[in-house]
Amino acid sequence: MAAQLKPGSGPLDYGSRLWLKTLFAAIFFMLYVPILTLVAFSFNTDKRGIVWRGFTLDNYVKAWNNASLQESLINSLMIAFISTIIATIIGAMVALLLWRFRFPFKPAYEGVMALPIVIPEICMGVALLLFFVNTGMMSTTVNLPWPLNLLNIIIAHVAFCFPFVTIVVRSRLVGFNRQLEEASKDLGASEWQTFWNVIVPFMKPGLIAGALLAFTLSLDDFVITFFTSGPETVTFPVKVYSLVRRGVSPEINAASTVLIVITVVATIIAMKLQAPEKSGKG
Amino acid sequence: MAEPIVSIRNVSKKFAGNIVAVDDISFDIEQNEFFALLGPSGCGKTTLLRMISGLETPTSGQIMIGGENMALTPPNKRPTNMVFQSYAVFPHMTVAENIAYGLKVTGVPADETKRRVAEGLEMVKLSHLASRKPDQMSGGQRQRVALARALVKRPKVLLLDEPLSALDAKLRDEMRLELTRLQENVGITFIIVTHDQDEALSMASRIAVMEKGAVQQIATPAELYERPANRFVADFIGKVNLIDARVLAKKGKTVTCETQGLGKIDIVTDQTCGDKVTIAVRPEKLKISKAAPKGAKLVAIEGTVRDVAYYGDTSHVVVLAKGGVELAVNVQNDSREGGSGVERGQKVWVHWAPQDTIILTE
């Protein structure tokens with residue numbers, strides 16, 4: 001029977017049907033052509049960046065030499081770095097709390113914890129801005145030396161990044177065999193030794209994946225950063241936005257390409273680590 | 001006799017919702033015993049083992065290990081180590097690191113740790129796999145890692161929670177032998193939890209049969225099998241024919257019973273019994289013959305063969321006695337020709353020696 005079916009007409013052969021292939025092609029075109037154009041035009045010699053005139057790496061050099069762009073990138077990386085560390089620690093602790101303990105109103109706590117994921121960014125941005133202004137943190141931090149003047153943004157980024165870490169780490173913990181913990185204690189380890197020698201190594205892929213997720217989220221955040229940054233502190237996405245308003249230049253293409261590469265690499269690593277391990281169980 | 005190594009005194013364990021897992025158990029385990037806790041699932045045997053290890057706290061009662069009350073001793077300070085049902089080998093550590101773990105966390109010096117790990121690997125014959133990760137090993141090998149990891153700690157008592165249940169049949173037989181040899185070599189008290197009566201009978205020196213959180217009987221394997229204390233034990237250990245009966249007369253060691261379905265039977269026993277009893281006979285104690293047996297002392301019952309199941313070495317024959325009772329008989333197929341020698345529908349006599357009958361009062 002099966003031998004008589006034409007290729008592509010089998011029950012699960014959707015992939016080889018023409019209309020489906022066309023649809024796939026169209027979707028990929030819509031999704032990735034803008035990005036590819038951006039990358040391609042970062043190598044363009046044309047100043048206005050609209051017509052292709054020839055290959056160059058000058059844009060990267062120019063972008064690198066642009067002091068304000070450089071400063072904003074360093075700000076962004078610094079913010080992403082610090083907020084990732086804090087968000088990973090807080091996120092992992094929340095994940096452990098939710099995994100390990102039973103307490104009153106736990107479902108409510110879980111819901112509230114995940115709120116920053118679902119709340120529109122704009123609301124969160126405004127809320128954080130109002131909070132910082134009303135508590136006087138806005139005016140205080142602005143005058144602090146670098147990197148302390150980034151404090152508001154870091155706090156804001158931690159607030160929306162840590163739930164992602166929690167979700168990733170917690171899904172990892174679900175597969176934990178509690179007998180490993182018992183075995184550790186039975187062999188003479190204290191709670192603390194068990195935590196560091198058994199539970200943390202088990203969480204590690206989740207921690208790394210969560211941290212990379214937080215890093216990329218923080219690095220390319222625009223809306224919340226826009227609201228919570230002072231007039232003096234500029235992050236990379238905010239800087240790009242202000243440059244674009246004055247007109248597109250290949251420099252921005254070059255800088256954006258760098259950001260895309262960082263983000264994509266981090267995401268790939270995160271996804272690799274998050275993939276369920278075949279040997280995850282003891 | 002020396003002081004018991006483990007002493008359980010009126011131990012009870014209640015879980016949330018007032019579920020009684022272990023109900024007022026008291027017994028002692030002697031030095032160097034291979035002790036088995038045997039019972040159906042949910043009988044509380046694992047809970048009892050976990051209370052000995054300290055992973056579970058008794059609701060009431062005391063557990064003494066080596067003469068010391070363990071009430072306030074956490075699992076990491078107890079002289080016991082456990083082999084878990086899932087082995088619980090640490091997946092991120094190599095075999096050698098797994099075995100060294102218990103020594104490392106308790107601050108045993110590095111060179112001594114190294115020596116003891118090598119000894120441990122030797123003991124379970126895994127020296128060639130020392131740097132493997134557990135995910136590259138078979139279930140049997142992981143089990144050995146778990147064993148070595150516990151034994152290098154040199155515990156006073158080794159606890160084994162269903163250690164063979166996750167292995168396939170052939171490996172299980174091998175491990176059974178290996179465990180008993182290991183126990184003789186290291187001279188440590190082993191306490192094993194199992195639901196498999198064959199496992200308990202073949203390995204243990206003493207067995208506690210548990211049901212519904214209580215100990216039904218503690219005895220050697222042979223005693224459990226031949227002299228079960230009650231109906232549950234008789235039925236749980238091995239196969240048995242159970243017949244309700246009423247005692248009519250006692251004369252010396254001979255008890256005359258009126259059985260349900262089998263008529264009057266004379267039994268020779270040194271047990272005392274009440275009026276209502278259950279009589280029990282193991283299938284291999286029953287014999288089948290085609291004519292009425294000659295020996296006057298034998299208990300003989302006439303019936304029809306209902307089923308014959310051929311097992312190679314034995315055949316399990318079910319005989320429907322005249323009174324409507326089914327009797328299971330195990331026949332040794334001791335010659336190549338003829339098998340059990342009976343076939344379905346055949347009229348036969350079933351007989352046994354009166355002293356092979358067990359009288360159960362409960």
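Residues numbered from 1 in each chain as written. Chains lettered and ligands numbered in written order. Predicted model: local features only at pLDDT ≥ 70, side-chain atom pairs only at ≥ 80, totals over all residues.

One finds Val165 of chain A together with Ile191 of chain B to be the most contacted residues of the largest nonpolar core, which totals 138 residues. Among all residues touching Ile191 of chain B, those that are not within four sequence positions of it are Ile29, Phe35, Leu37, Leu49, Ile52, Val157 and Leu159 of chain B. Ala63, Leu69, Leu73 and Val240 of chain A belong to the second largest nonpolar core, which has 8 residues in total. (Core = buried A, V, L, I, M, F, W, Y, C linked by C-beta atoms within 7 Å. Buried ≥ 20, exposed ≤ 12 C-beta atoms within 10 Å, placed from the backbone. Contact = placed C-beta atoms within 7 Å.)

Consecutive side chains along a regular strand alternate between the two faces of the sheet. Residue and element names in this part refer to chain B. Where strand S1 (residues 6-15) and strand S4 (residues 60-65) come together, 5 bridges link them in antiparallel fashion. Opposite Ile8, over in S4, you have Ile63 as the bridge partner. Where S1 lies against strand S2 (residues 19-29), 7 bridges are found, and the strand directions are antiparallel. Looking at S2, one finds that Ser7 is bridged to Asp28. Linking S1 to S2, which pair antiparallel, is a turn of 3 residues; within it Gly17 sits at a positive phi near 80°. (Pairing = 2+ DSSP bridges. Helix = DSSP H or I, 4+ residues; strand = E, 2+ residues; numbered from the N terminus.)

Another aspect to go through is unusual backbone geometry. The phi dihedral of Tyr87 of chain B is positive, around 70°, even though this residue is not glycine. In this structure, Tyr87 of chain B sits in the loop between strand S6 (80-83) and helix H2 (95-104).

All names here are of chain B. In spatial order, the strands read S6-S7-S8-S3-S9-S10; together these 6 strands make up an open sheet with mixed pairing. The open sheet has two free edges, formed respectively by S6 and strand S10 (214-219), since each of these has just one partner strand. Going from strand to strand, the sheet's axes swing by 20° on average, the running direction of each strand aside. Direction of pairing for strand S9 (residues 206-211) relative to S10: antiparallel, over a ladder of 5 bridges. The residue of S10 that forms the bridge with Glu211 is Ala214. (Axes fitted to C-alpha atoms, helices over the stretch in contact; angles between N-to-C directions.)

This next bit is on helix H11 (residues 236-245) of chain A. Listed in full, the buried residues belonging to H11 of chain A are Phe236, Val238, Lys239 and Val240 of chain A. A positive phi of about 120° marks Gly247 of chain A, the residue just after H11 of chain A.

All names here are of chain A. Close contact between helix H4 (residues 106-118) and helix H7 (residues 151-174) brings their axes to 8 Å; oriented N to C, the two are set at 115°. The chirality of how H4 crosses H7 is left-handed. For the pair H4 and H7, contact is made by Met113, Ala114, Pro116 and Ile117 and by Ala159, Phe160, Pro163, Phe164 and Thr166, respectively. Here the contact of H4 with H7 is built from residues that sort into 8 nonpolar, 1 polar and no charged. (Left-handed = near helix turned anticlockwise from the far one by under 90°. Nonpolar A, V, L, I, M, F, W, Y, C, P; charged D, E, K, R; others polar.)

What follows is about the interface of chain B and chain A. Interfaces are often described in size by the accessible area the parts lose on coming together. Counting from both sides, the interface comprises 21 residues of chain B and, opposite them, 20 residues of chain A. For the side of chain B that touches chain A, the secondary-structure elements that each account for two or more residues are S6 and H2 of chain B. Among the residues forming the side of chain B that touches chain A, the class breakdown is 11 nonpolar, 7 polar and 3 charged.

Residue and element names in this part refer to chain B. The sheet built from 5 strands is open, its strands ordered S15-S19-S16-S17-S18 with antiparallel pairing. Two strands bound the open sheet, and with one partner strand each, they are strand S15 (287-289) and strand S18 (326-332). The sheet shows a mean angle of 45° between the axes of neighbouring strands, taken without regard to direction. Alignment of S15 against strand S19 (residues 347-352), held across 3 bridges, turns out to be antiparallel. Counted as the bridge partner of Ile288 is Val350 from S19.

Before going further, it helps to spend a moment on the packing of H2 of chain B against helix H3 (residues 110-123) of chain B. All names here are of chain B. Two elements in contact, H2 and H3, have axes separated by 9 Å at closest approach and are oriented at 130°. Overall, the two elements H2 and H3 adopt an arrangement that is oblique. H3 is crossed by H2, and the crossing has right-handed handedness. Along the contact surface, H2 presents Ala96, Ile99, Ala100, Leu103 and Lys104, while H3 presents Thr113, Arg116, Val117, Gly120 and Leu121. (Parallel < 35°, antiparallel > 145°, perpendicular 65-115°, else oblique.)

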